[in-house]
Amino acid sequence: MEIGYPVLSTVIFLPVFGGLLMLLIGRNQESVVKWTALFFSTLTLVLSLPLFTEFDKTTYMMQFVERKPWIPAWGVEYYVGIDGISVLFVLLSALITILCVLISWNSIKIKVKEFYIALLLIEGAMIGVFCSLDFFLFYIFWEAMLIPMYLIIGVWGGPRRVYAAIKFFLFTLVGSIFMLIGIIVLYLKTGTFNIPELSQMALPYNLQLWLFWAFFAAFAVKVPMFPLHTWLPDAHTEAPTAGSVILAAILIKMGAYGFLRFSLPFFPDAARAMTPVMLGLSVVAIIYGGLICFAQTDLKRLIAYSSVSHMGFVTLGIFALNSQGMEGGILYMINHGIVTGALFLCVGIVYNRTHSREISDYGGLAGVMPVYAGFFMLFTLASIGLPGLNGFVSEFLVILGGLKAKKLVGVLAATGIIISAGYMLWLYQRVFFNELNENIARIEPMGLREALPLLTLSVFVFWIGIYPDTFLSFMHVSVNHLLERVNYGVSDTMMAIKGMTGGY
Amino acid sequence: MNISTVGPLLPEIIMAASALLVLLFELVIRKKETVGLLSIISVAIVAYYIPQSFGKAFGGMFISDSYSVFFKFIFFINLILTVLLSMRYLVIEKANHGEYYALIMFSTLGMMIMASAGDLIVLYLGLELMALSTYVLAGFIRHDIRSNEAALKYFLLGAFSSALFLYGITMIYGLTGTTDISLIGAAVAEKGLSTPMFLAIIFLMVAFGFKIALAPFHMWAPDVYEGAPTPITAFMSVGPKAAGFAAFGRVFLTGFGPLSADWTGILIVLSILTMAVGNIIAIQQSNIKRMLAYSSVAHAGYAVLGIIVGGTEGIAAMMNYLFIYAFMNIGAFAVVIMLRSKGFQGEELEDYKGLARTHPLAAAMMLIFMFSLAGIPPTAGFIGKFYLFKAVIGAGYIWLAVVAVIFSAISAYFYLRVVMYMYMLEPEGEAVTLSLSPSLGLALFITTLAVIFIGIYPSPLLSFARLAAG
């Protein structure tokens, strides 16, 4: 691979650099601020494209690796790289940030400069999380991300933003500190923060079990898994549109990513033993999250709860511990990022006009904003999992994986699809059909700048729906390698030998 | 007496001489800021002589080793930053007298002696010099009744703790026949624990507990911190505390090291109690100086973990923590001072409403300090806490680390509340005017830079701390 620049470092630090550069722009030059943010986020995506085109799909080894000593006293390195599991998230993060810049163009009216700075900083931190191969480095990015997100929710959010922001922060922080303890224990036992190395260690079962639960605290809050999900409806609902999109599309994926990158390869025996618990929690999340959606009167809150249900599918797929489930789970995350991100964008578009999120304030919107209604329909159907659209592929794979793992789990998960069809179509009916609500009769139709992000995302809805292999092909090798590790566990001596010679 | 025997004392001698000179110059210099500048220059000269000072003097009563030198650098930073914070503040408070700077220097001299003390009597000497100067500084704004109250309270409780300290020393002398810390260590190792020895250890622990404000001996701290002139609050929350830790560490790890199994348990209880009291009561505070006072109590609870762990790792973690704490805490106080202007206290949390709108840069700096105090990466505060927790877990106290991180998460709540007031609420009434002076700006610049730099590239500091502790 000859690309000519360190791709990963560039995509991590270019947005950070852009954010810091924006500090120099005057407070009143709002359009300069916006264009700068758009420039840096677009440049980041462009510069990240080699990750897509030059990626070697035939190996599970880390690619685009950069490695420099950082804190030698603790053996901490600046060590980044990606494999088939993380590559798509990096690209998704870069793409979503651009859309967030576009969608915030007119809707963010106060402290404009600070908003875009926070947005770019969070982009850098998110990409950093997915690229880190040093546990210390990972934790820095993982926690650093909280600061801009706390501000985005708390400063530019809805009426109950302050409450939602602190709740988000404290929930995540409390989860993370248990992981911090886990990281330190792991480091003291193994003497390294090196993630690929740790992925081959044979730890004693008891230690695996303790650490599995310490890490669970951090990842389950982030996903969020039932019963730790209560911060999510508040945060998603109160955040400004861009914040909701980032939360739904990227941030909550980090929890599931954590399971894939750390919990499974580090503690394979514990993970296998805990599969029934994890599958059970996933099924509860799918059904409970779905049923709660029926009771929601707030547009964003409904979509937020649907995320709880969808993320249940993701964790189910991962802990099915077979290739269909896991690939389905990863693809599900990408799809959920695209579709739920798009739905939040859609809500943002009407919210800017009506300043209401109450479903009852709408009705008959299809006649007023026909193009918009078309997009919303597309994403609704994608969310339900209509064949031909992206949601179907991943849902199918996850349920197949679930059935292979445990029949009952697959069957129960499948009921989640019926539930989701129920609440999503009912939502659509209440907002777009029914009688025209007089209050919204005269709102203006969707503009091009608003349509562009939706158009971009719908391309992916069809692409993944019709030819998912473009994206699945990235994962095959990495996922199979991971499953080999999990399913044989550390007790298998062959694995240990293979780990030594194969290496990363 | 030839020069080589006093060589290790050279920095202290220069410090004492220049403090006296500053006191003298104060009479003729009209512009008091110049006096402040003089004190900074003196510290630079003292620091220059530090590398040549390594060694022991007076038969081991005075030790200049890497341990003491590390602490001395914390004291110098503390002095320089405090002076920078004070210049404008004293004008606003109408208390612009040159003795102020001399007193800060004398107090710092006391701390230096404490850090270098190889003998309990020398330690007491330094302790009293530091404490007496600080009592006066706490009451420096004579026309302010709160400042008076702070000084008196500090004096009474300080005197009480000094008495306890002296009582402890006498008992130890009676039991071991020496006041030399390393000889005490040898005697203790030989004789083992006895009831009087245990009592003596308790006396010293309580005395140090007062100095570094460990709960339940922290009662004076909030009142004194609130009443004292704000730069002095910043000064007290860092310097005397670090000096207390320096002496605490040396006495307990060298002197009572052989008995560590007997006193570690008590210290663990004190540490947990301190973290609990500091962090939980801070939540209810509406005055920012008071909140920072409780936060400072809580931070002592974390730093004490280093002494509990002991060994090179524990001490290095504690020193590293105190070094980082100096920057982030003084930085936070610098923002508090900036809000103080003629006729406006700027000490209530309410005063921070909407600061991000009226003064975005000041708010951004406060945000950095608050996140650093809460220990969120990528700030220095995280590095400090990480090292401590690593040392604690390494020593086998996983449960203690869990307790500490839980309190650390609780602390995030009140630090974030300041951020919330600044960023998420709108300003009420007239906009706050900042009293920014070049010196204050410099202090803010230094502290912000240090907090971010150490957070991103902690290696030099870590090796320095490890070296000093080893």
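Calculation criteria
- Residues numbered from 1 in each chain as written.
- Chains lettered and ligands numbered in written order.
- Predicted model: local features only at pLDDT ≥ 70, side-chain atom pairs only at ≥ 80, totals over all residues.
- Helix = DSSP H or I, 4+ residues; strand = E, 2+ residues; numbered from the N terminus.
- Rg over C-alpha atoms; globule rule 2.2 N^0.38 Å.
- Buried ≥ 20, exposed ≤ 12 C-beta atoms within 10 Å, placed from the backbone.
- Contact = placed C-beta atoms within 7 Å.
- Core = buried A, V, L, I, M, F, W, Y, C linked by C-beta atoms within 7 Å.
- Expected span 1.5 Å × (residues − 1).
- Bend = angle between axes of the 7 residues up to and from the residue.
- pLDDT = per-residue confidence, 0-100.

1. Concerning the overall build of chain A
Logical step 1: Tallying secondary structure elements over chain A gives 23 helices and two strands in all.
Logical step 2: Taking 23 Å as the expected radius of gyration for a compact globule of 504 residues, we find that chain A reaches 22 Å, a close match to that expectation.
Logical step 3: The principal-axis extent of the C-alpha atoms belonging to chain A is close to 70 × 55 × 40 Å.
Logical step 4: Counting the 504 residues in chain A, one finds 60% classified as buried.
Logical step 5: Sequence separation of 24 or more characterises 81% of the internal contacts of chain A that already satisfy a separation of 6 or more.

2. Some thoughts on the interface of chain A and chain B
Logical step 1: Counting residues at the interface gives 26 residues for chain A, matched by 26 residues for chain B.
Logical step 2: When residues of the side of chain A that touches chain B are traced back to their parent elements, those giving at least two are helix 5 (135–144), helix 6 (146–156) and helix 7 (161–190) of chain A.

3. Remarks on the nonpolar core
Logical step 1: Counting residues in each nonpolar core, the largest one holds 400 residues, and the members touching the most others are Val90(A), Met114(B), Leu322(B), Met366(B) and Met422(B).
Logical step 2: Here the element with the most residues in this core is helix 14 (residues 311–339) of chain B; it accounts for 22 residues.
Logical step 3: Filtering out sequence-adjacent residues up to four positions away, Val90(A) remains in contact with Val11(A), Ser48(A), Leu51(A), Ile82(A), Ile127(A), Phe130(A) and Cys131(A).

4. Structural notes on the environment of His481(A)
Logical step 1: Following the sequence through the fold, His481(A) ends up in helix 22 (residues 469–488).
Logical step 2: Through-space distance from the C-alpha of His481(A) to that of Thr59(A) is 9.2 Å; in sequence the pair is 422 residues apart.

5. A look at helix 22 of chain A
Residue and element names in this part refer to chain A.
Logical step 1: Relative to the 28 Å expected for 20 residues at 1.5 Å per residue, helix 22 spans 27 Å between its end C-alpha atoms, a close match to the ideal helical length.
Logical step 2: Taken as a whole, helix 22 carries its principal kink of about 40° at histidine 476.
Logical step 3: Every buried residue of helix 22 is accounted for by Phe471, Leu472, Phe474, Met475, Ser478, Val479, Leu482, Arg485 and Val486.

6. Details of the confidence of the model for chain B
Logical step 1: The predicted model of chain B has a mean per-residue pLDDT of 91, with 99% of residues at 70 or higher.
Logical step 2: Overall fold confidence (pTM) sits at 0.92, and the ipTM for the predicted complex is 0.91.

7. Some points on the confidence of the model for chain A
All names here are of chain A.
Logical step 1: Per-residue confidence for chain A gives a mean pLDDT of 88; residues scoring 70 or more make up 96%.
Logical step 2: Across chain A, helix 5 holds the top mean pLDDT of 93, while helix 23 (residues 493–502) sits lowest at 42.
Logical step 3: Contacts of residues 492–504 to residues separated by more than four positions or lying in other chains number seven contacts, the stretch itself having pLDDT below 50.

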